[in-house]
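Read off the chains here:
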Amino acid sequence: MGCIQSFREFCDRSKNTNVRLSLPAVCIVWQTAMIILFGVFIRYDEESNPHWIEHRKEANISSDIENDFYFRYPSFQDVHVMIFVGFGFLMTFLKRYSFGAVGFNFLIAAFCLQWALLMQGWFHSLDYTDGKIKIGVESLINADFCVAGCLIAYGAVLGKVSPVQLMVLTLFGITLFAVEEYIILSVIHARDAGGSMVIHTFGAYYGLAISWMLYRPNLDQSSRLQGSVYHSDVFAMIGTLFLWMFWPSFNSAIADHGDGQHRAAINTYLALAATVLTTVAFSSLFQKHGKLDMVHIQNSTLAGGVAVGTAAEFMLMPYGSLIVGFCCGVISTLGYIFLTPFMEKHLKIQDTCGVHNLHAMPGVIGGIVGAITAAAASDSVYGKEGLINTFDFEGDFEEMTPTRQGGHQAAGICVAVCFGVGGGIMVGFILRLPIWGDPADDNCFDDEAYWEVPDEEESIPPVLQYNNHMLNKDV
Amino acid sequence: MGCIQSFREFCDRSKNTNVRLSLPAVCIVWQTAMIILFGVFIRYDEESNPHWIEHRKEANISSDIENDFYFRYPSFQDVHVMIFVGFGFLMTFLKRYSFGAVGFNFLIAAFCLQWALLMQGWFHSLDYTDGKIKIGVESLINADFCVAGCLIAYGAVLGKVSPVQLMVLTLFGITLFAVEEYIILSVIHARDAGGSMVIHTFGAYYGLAISWMLYRPNLDQSSRLQGSVYHSDVFAMIGTLFLWMFWPSFNSAIADHGDGQHRAAINTYLALAATVLTTVAFSSLFQKHGKLDMVHIQNSTLAGGVAVGTAAEFMLMPYGSLIVGFCCGVISTLGYIFLTPFMEKHLKIQDTCGVHNLHAMPGVIGGIVGAITAAAASDSVYGKEGLINTFDFEGDFEEMTPTRQGGHQAAGICVAVCFGVGGGIMVGFILRLPIWGDPADDNCFDDEAYWEVPDEEESIPPVLQYNNHMLNKDV
Amino acid sequence: MGCIQSFREFCDRSKNTNVRLSLPAVCIVWQTAMIILFGVFIRYDEESNPHWIEHRKEANISSDIENDFYFRYPSFQDVHVMIFVGFGFLMTFLKRYSFGAVGFNFLIAAFCLQWALLMQGWFHSLDYTDGKIKIGVESLINADFCVAGCLIAYGAVLGKVSPVQLMVLTLFGITLFAVEEYIILSVIHARDAGGSMVIHTFGAYYGLAISWMLYRPNLDQSSRLQGSVYHSDVFAMIGTLFLWMFWPSFNSAIADHGDGQHRAAINTYLALAATVLTTVAFSSLFQKHGKLDMVHIQNSTLAGGVAVGTAAEFMLMPYGSLIVGFCCGVISTLGYIFLTPFMEKHLKIQDTCGVHNLHAMPGVIGGIVGAITAAAASDSVYGKEGLINTFDFEGDFEEMTPTRQGGHQAAGICVAVCFGVGGGIMVGFILRLPIWGDPADDNCFDDEAYWEVPDEEESIPPVLQYNNHMLNKDV
């Protein structure tokens, strides 16, 4: 730890947030690399290819409507909204960091999804006959999922890092994500349709570990900006609601066609509804005068969607979903009230958006719920064919039983946590190098550092301007 | 009336808006009750169940794409956005009640949809073989519809009630809704795909009757807060536009597969377009200097969608939809200009959002349009099979004729109005009890009562802060 | 030019923005005309008609899911959101013109789509057996596309025209659009699924030509209002993101069923992602201290979607999409930095939203990319049937070759530019007549002119109000 300490001190030199060379350089070099790699590796899959018409006839598919596009595109678009509007606006709650919240979210997501198509492609959809990655709508959804992992990590360091650091965080994040996902889904053969483990647990611990590595002892110098104003809280609700509403699409987007997607959507819908009530209950219970706190409403109401991610496609049952949602609303709200201050004070983890309460804890709970639900699966509930279909007991895993599947699911949680924490520490080391243009402690949470912020002097105080204005004209 | 008056006086004691015990208690007890009732009653239907794969083969369905999920899920998500973002943001127009508008909307909708799944399930989709309610995507849509009824009622009392009162309003509202819906759709056999009668007429009169029961003679003490500011009007437009855009999905979501959904979407699209033009026309015509009023643009532009709800799936014809939209834009705008002030002054109905103009009148018009269109239906226009399909002249109603169907439709309107007014008066009595923590007259329309509102002092005046800030740093 | 100059002077009389008679008159007369024309001409097509059930059997269609509604409705709704929320909010960036941005966008779009259904119907889907236009979901999408053309033109004149002028601009714009579209798609047989030429090039040059005709030499009198404030920039990001996210739906909405829609969505998704990175790079590179400019992030990030419109359904290849996006991010950002000021100073074109950078240049690039991609098409890449399908080499165009198709595509660009510039000059002449109630030079970009703007005095300064408020009550 002494070693880390001295490394930290070495890096805390006078900060310069000018990213005029580094940011353009990173963006252009990486985008150029993407073009080259896409040229070498990425092609359309058989359903997005003009040869589909021939393929359809060969495969005896009667109608174009059976193209995977029509099964998944509406869900894809919902997920897309969650990534860009949901995550982006959820983070606008800070009074002077809305540009950074929405804008950097936009930037890293756009880079992220290209790199994710490549990384996930190499691991999951490489066509060994020609060495190409074949992409279709499901690849786009998976890329968006991958992006979600990195945006969760962004939530933990929001306002404290430069856009260049975010690009680096993202580059490594996606790489780690793709490996972790491959191990959990393909090697361990855990199921994780909504990504409780793969996306949320990994993303949150990755971000928290980075935040721990980038600990700023004097962050209270920016405390004047580390809160919301009335309008910024309303903007953040746009993010909350789009995440909340479209979460059923998130958890069902890559589930099995037919009953799989159908059930995943229902379970998520129910879990989220229950979460809202317990969040409100505990937010009111622990505040003076019973007043509700917008931080809880904006964040904890979403915990149910995270926690139902793994089990959403299983026979969790409607009441099971409600129970999961109930518990997560409670745990997440209590986390914001008690755990976040504790972690900042005693564990030196500054978690701007509280991703530990919204993603880490519910993600782990989701993994556990998934393991239990899988272990409890039976022929009588799923039907013989249904069981095979739902858990994909085919190929190498034909001999798998529900009980063993439960164990594999549990192993998946561990992998996600390890990759998150380990990867975060490693990347945190890199991000501490004094070359990334991150803001000084008294300059955090401030759009001034990286954005041309409009000059408000002309428009404030509106009373005066308005009055002058009325005097000057003859309506 | 003297009796009501003295009851009112009894209840007007000094107000205490502390809901620290009552709100958590209601949320937790009710959510727990939901879990128990869901455990006893709610199961997946055959299309969201792993046995679907067997069912498909038995029913000779060739593809997973014929799962009802793919027919209705995109529309469901649009409806979901209308409920949470549409209604929520539409009510953010008040300058200091945005948290309450979006937040309480969120809370009651989340409770509402659970209770609606149960109530509607008992009436509509109880499987008598095992005593269970089987839910699928159509149930979720119907639950969201049910929620819409209660949110409309919330519009009438916005800013004047406590969250506990809203929960009570919702509990009874859903119960009444389910009974009323059962009578109108199943007993009377009226058709109402977009819910002009079932949702809008009922919801609006329910809310207006409650508002009448909760009449506050001294509400002008809060008049400083009963208006908008520039940004709150822009936030409200987010609600307006999402309602406006997705209304075609609302009216087509549970219409018949194929041409039914298709036609309902087209009719709604057209009616809404026409409404915008007449709303703008009359808003400009009745204002000094011809300036437009945001209240009209935010609300009256939606009246066409309400009024075309019942007839959307019928052969209303494109020009018919335009005529309905034309009239409703006029009527709704005039309602805001003349009727709302009249109702407040002379009928003691304080209608915060003007739901009488946006939902009650257009809803009744919609019911009438539906009755006329149904009565005018003929084999030549619909085709023999088309007529049976569209009006569901099957089973007990095989002998039904279009003319008689028109009469049944008209009966439906009366049922909706009676349930709304009667239920509202009854629930209004309950809500007047002095135990619910509602705000005093000078404390209405103010988020301070129930929310931790961020302290603006630090951030205003931005000019100074900004300047100080610039001085303090060396960019 | 002297002639134009004296015409301009003749029109620059004292301005009166009172539209109390003209705006209602235009709205009501035109809406009435729509009703009559719809009554005479517009009917449901065979898929939105109750006879569909018979048609289905005759055509041997096995399921309702093959109704075109299910192929296109989700994309339609995404496009609808782009039109009303996307374009509307993108223009809210001005500090005091948010009502006009969202509200007039709403008004003209609602009129536009009705008139577009008629105009496009006459040219494209008139049923010669009965002289009726048959509409279905594809007609609605095409109408929305048509609207997009006019809204782009609105972007060029934002804040400088009256709502009556906008209605006139729209009426002529749609008429020109329908003719231009007919020539490009049907006569020349160019393909343009995403409308790079038909929508963006035409719309932008139409708006720029009008803006040139309406040149205001003293517009700097309104310069105090021609900028953004912090919150208005966040509102604008709502527009940006919904446009960005749903652009894949825009470009794929009317592409061929199956692989056509699938491929168009993928290409657009990728092009847009690349644009974000180069926009950020060049925005940072050309600003002092490397700070990002919200204008670029709001606008230039979308250029890739425009530029990939024509070629999105072709075999552009994933890396091709990235290259197009890469270049457009650069060109569009440089356009905002260098070209917009140049055009205002030297060409007398005042382009409020910079549509030249966002739509005109990327639109032309899109046309060129489309021409090249079409000319390079081959049997080996598309397959024999795929080539015919993708380029519609059927009927009169059976003998068409890819090379010739490339030439036709190029001809399409010229038609779009000519119609845009020519039509804009013509309509600009009309709009200079001193009868439309447009604002004076010192009154531009101000909602006061046409809207009842809420009085902020009561709510500002919030500090004081808030404090008074706290003193007055006993919480």
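The structure displayed is predicted, hence computed values, not measured ones. (Residues numbered from 1 in each chain as written. Chains lettered and ligands numbered in written order. Predicted model: local features only at pLDDT ≥ 70, side-chain atom pairs only at ≥ 80, totals over all residues. Heavy atoms only, no water.)

A word on the overall build of chain A. Of regular secondary structure, chain A possesses 18 helices and three strands. In summary, chain A has a C-alpha radius of gyration of 23 Å against a globular reference of 23 Å for 475 residues, a match within 12%. The principal-axis extents of the C-alpha atoms in chain A amount to approximately 75 × 70 × 55 Å. Here chain A, with 475 residues, has 69% of them falling under the buried criterion. (Helix = DSSP H or I, 4+ residues; strand = E, 2+ residues; numbered from the N terminus. Rg over C-alpha atoms; globule rule 2.2 N^0.38 Å. Buried < 20%, exposed > 50% of the residue type's maximum accessible area, 1.4 Å probe, protein only.)

Note that Gln409 of chain C resides in helix H17 (residues 402-431). A relative accessible area of 0% means that Gln409 of chain C is categorised as buried.

Bringing the packing of aromatic side chains into the picture now. Residues and elements named next belong to chain A. For the structure on display, the rule yields 87 aromatic pairs over all chains. With centroids separated by 5.9 Å and ring planes inclined at 70 degrees, the aromatic side chains of Phe99 and Trp451 adopt a geometry described as edge-to-face. Of the two residues, Phe99 is situated in helix H5 (residues 98-124) and Trp451 in the loop between helix H17 (402-431) and helix H18 (462-472); the sequence distance between them amounts to 352 residues. A residue is classified by how much of its surface remains accessible, and Phe99, at 0% relative accessible area, is buried. (Phe/Tyr/Trp six-rings, centres within 6.5 Å; stacked < 30°, edge-to-face > 60°.)

Okay, the interface of chain B and chain C next. Listed per partner, the contact involves 86 residues of chain B and 88 residues of chain C. Buried area between chain B and chain C, summed over both chains or domains, comes out near 7,500 Å², and the portion from carbon and sulfur atoms is 71%. Broken down residue by residue, the surface that chain B buries against chain C is led by Tyr230, Tyr269 and Leu277 of chain B, which jointly contribute 12%. Our enumeration of links across chain B and chain C arrives at one salt bridge. Of the charged contacts in the structure, one is a salt bridge between Glu385 of chain B and Lys57 of chain C, with a shortest N-O distance of 2.7 Å. (Contact = heavy atoms within 4.5 Å. Buried area = accessible area lost by both parts, 1.4 Å probe. Salt bridge = Lys/Arg side-chain N within 4 Å of Asp/Glu carboxyl O.)

Before going further, it helps to examine the interface of chain C and chain A. Every contact between the two is made by 84 residues of chain C and, on the other side, 88 residues of chain A. With both chains or domains summed, chain C and chain A bury close to 7,500 Å², and 71% of this area falls on carbon and sulfur atoms. Three residues stand out in chain C for area buried against chain A, namely Tyr230, Tyr269 and Leu277 of chain C, and they jointly supply 12% of the buried area on that side. Mapped by element, the contributors of at least two residues to the side of chain C that touches chain A are helix H4 (68-90), helix H9 (230-252), helix H10 (259-285), helix H11 (294-299), helix H13 (318-346), helix H15 (379-382) and helix H16 (384-391) of chain C.

It is worth spelling out the relation of the copies chain C and chain A at this point. Of the transformation placing chain C onto chain A, the axial shift is 0.0 Å and the rotation is 120 degrees, giving an RMSD of 0.0 Å. Taken together, the rotation angle and the small translation identify this as a three-fold axis. No C-alpha of chain C approaches the rotation axis more nearly than that of Pro74 of chain C, which lies at 3.5 Å. Here only 13% of the interface residues in chain C have copies in chain A that are interface residues too; the copies meet through unlike faces. (Least-squares fit on C-alpha atoms with pLDDT ≥ 70 in both.)

Looking at soluble globular proteins, one finds that nonpolar side chains tend to be buried together. Counting residues in each nonpolar core, the largest one holds 492 residues, and the members touching the most others are Phe242 of chain A, Phe242 of chain B together with Phe242 of chain C. Here Phe242 of chain C is in contact with Val81, Val85 and Phe242 of chain A, Phe242 of chain B together with Val81, Met82 and Val85 of chain C, once residues within four sequence places are set aside. (Core = buried A, V, L, I, M, F, W, Y, C linked by side-chain atoms within 4.5 Å.)

The next thing to look at is unusual backbone geometry. Residue and element names in this part refer to chain A. Unusually for a residue other than glycine, Lys348 sits at a positive phi of about 55 degrees. Position of Lys348 relative to the elements: it lies in the loop between helix H13 (318-346) and helix H14 (355-375). Its identity is not glycine, yet Asp392 carries a phi of approximately 60 degrees, on the positive side. Of note, Asp392 is situated in the loop between helix H16 (384-391) and H17.

Mapped onto the present numbering, the UniProt feature "domain: Ammonium transporter AmtB-like" (unreviewed entry) falls on residues 68-436 of chain A. Segment residues 68-436 of chain A splits into 72% helix and 2% strand. End C-alpha atoms: 42 Å apart. (UniProt positions renumbered as here; feature names shortened; annotations may be inferred.)

A few words on the sheet that holds strand S2 (residues 126-127) of chain B. Residue and element names in this part refer to chain B. Sheet architecture is open: three strands sit in the order S1-S3-S2, paired in mixed fashion. The open sheet has two free edges, formed respectively by strand S1 (42-44) and S2, since each of these has just one partner strand. Where S1 meets strand S3 (residues 132-135), three bridges bridge the pair, whose relative direction is parallel. When the sheet's bridge partners are listed, Ile42 is paired in S3 with Ile133. (Pairing = 2+ DSSP bridges.)

We now examine the relation of the copies chain B and chain C. Superposing chain B onto chain C takes a rotation of 120 degrees combined with a translation of 0.0 Å along the rotation axis, leaving an RMSD of 0.0 Å. With a heterologous cut-off of 20% or less, the 15% of interface residues of chain B that recur at the interface of chain C puts this contact in the heterologous class.

Further remarks concern the sheet that holds strand S3 (residues 132-135) of chain C. By definition, the strands of a sheet pair up through backbone hydrogen bonds, in either a parallel or an antiparallel sense. Residues and elements named next belong to chain C. In space, the three strands of this open sheet follow the order S1-S3-S2, with mixed pairing throughout. At either end of the open sheet lies a strand with only one pairing partner, and these are strand S1 (42-44) and strand S2 (126-127). Two elements, S2 and S3, share two bridges in a ladder whose sense is antiparallel. Note that in S3 the partner of Asp127 across the bridge is Lys132.

To continue, consider H16 of chain A. Those residues of H16 of chain A that sit buried are Gly386, Leu387, Thr390 and Phe391 of chain A. Around the axis of H16 of chain A, the buried residues are gathered within 105 degrees of arc, so they sit on the same side. Contact partners of the buried residues in H16 of chain A: helix H10 (259-285), H14, helix H15 (379-382) and H17 of chain A together with helix H3 (52-58) of chain B. Asp392 of chain A sits one or two residues past H16 of chain A and shows a positive phi near 60 degrees. (Arc of directions from axis to C-beta.)

Residue and element names in this part refer to chain B. Side chains of Val421, Ile425 and Phe429 sit close together on the surface and give an oily, nonpolar patch of about 190 Å² of accessible area. Examined against the element boundaries, Phe429 turns out to sit in helix H17 (residues 402-432). Judged by relative accessible area, Phe429 falls into the partly exposed class, the value being 30%. (Patch = residues over 30% accessible without salt bridge, like charges linked within 9 Å, V, L, I, M, F, W, Y side chains within 5 Å. Areas by Shrake-Rupley, 256 points an atom, 1.4 Å probe, with all protein chains shown as cover.)

Residues and elements named next belong to chain B. Where helix H2 (residues 22-41) meets helix H7 (residues 163-187), the axes come as close as 9 Å, and the angle between the chain directions of the two elements is 30 degrees. Between H2 and H7, the crossing angle belongs to the class labelled roughly parallel. Of the two possible hands of crossing, H2 and H7 adopt the one that is left-handed. For the pair H2 and H7, contact is made by Ser22, Leu23, Val26, Cys27 and Trp30 and by Pro163, Val164, Met167, Val168 and Leu171, respectively. (Axes fitted to C-alpha atoms, helices over the stretch in contact; angles between N-to-C directions. Parallel < 35°, antiparallel > 145°, perpendicular 65-115°, else oblique. Left-handed = near helix turned anticlockwise from the far one by under 90°.)

Let us look at empty space enclosed by the protein. The final tally for this structure, using the stated rule, is 12 cavities of 30 Å³ or more. Looking at the largest cavity, its volume works out to about 210 Å³. Forming the boundary of the largest cavity are 21 residues, of which Tyr70 and Pro74 of chain A, Pro74 of chain B together with Tyr70 and Pro74 of chain C lie nearest the centre. Looking at the lining of the largest cavity, the elements with two or more residues in it are helix H4 (68-90) of chain A, helix H4 (68-90) of chain B together with H4 of chain C. (1 Å grid on protein atoms, 1.4 Å probe; cavity = no way out; pocket = protein on both sides within 12 Å on 5 of 7 lines; lining within 4 Å. Points joined across faces, edges and corners; volume = space filled by probe spheres on them.)

Before going further, it helps to spend a moment on the pairing of strand S3 (residues 132-135) of chain A. Within a regular beta strand, the side chains point alternately toward one face of the sheet and then the other, so they alternate between its two faces. Residues Ile133 and Ile135 of chain A line the buried face of S3 of chain A, whereas the alternating positions Lys132 and Lys134 of chain A sit on a face that is not buried. Hairpin geometry of strand S2 (residues 126-127) of chain A and S3 of chain A is characterised by an intervening segment of four residues between the two adjacent antiparallel strands and by a positive phi of about 70 degrees at Gly131 of chain A.

Attention now goes to the pattern of salt bridges. All names here are of chain A. Within this structure, the stated rule accounts for 36 salt bridges over all chains. With its nearest N and O atoms 3.0 Å apart, the salt bridge here joins Asp127 to Lys134. Here Lys134 falls in the partly exposed class, since its relative accessible area comes to 24%. Here Asp438 ties to Arg216 by a salt bridge, and the two come within 3.7 Å at their closest N and O atoms.

Further remarks concern the environment of Gly290 of chain A. Mapped onto the secondary structure, Gly290 of chain A falls in the loop between H10 and helix H11 (294-299). Judged by relative accessible area, which is 1%, Gly290 of chain A ranks as buried. Those residues in contact with Gly290 of chain A, other than ones at most four positions away along the chain, are Ser284 of chain A together with Asn18, Val19 and Arg20 of chain B.

Moving on, we come to the state of the cysteines. All names here are of chain A. Under the defined criterion, the tally for this structure stands at zero disulfides over all chains. In this model Cys27 remains outside any disulfide bridge; the closest cysteine sulfur is found in Cys112, 13 Å from its own. Given the relative accessible area of 0%, Cys27 is considered buried. (Disulfide = S-S within 2.5 Å.)

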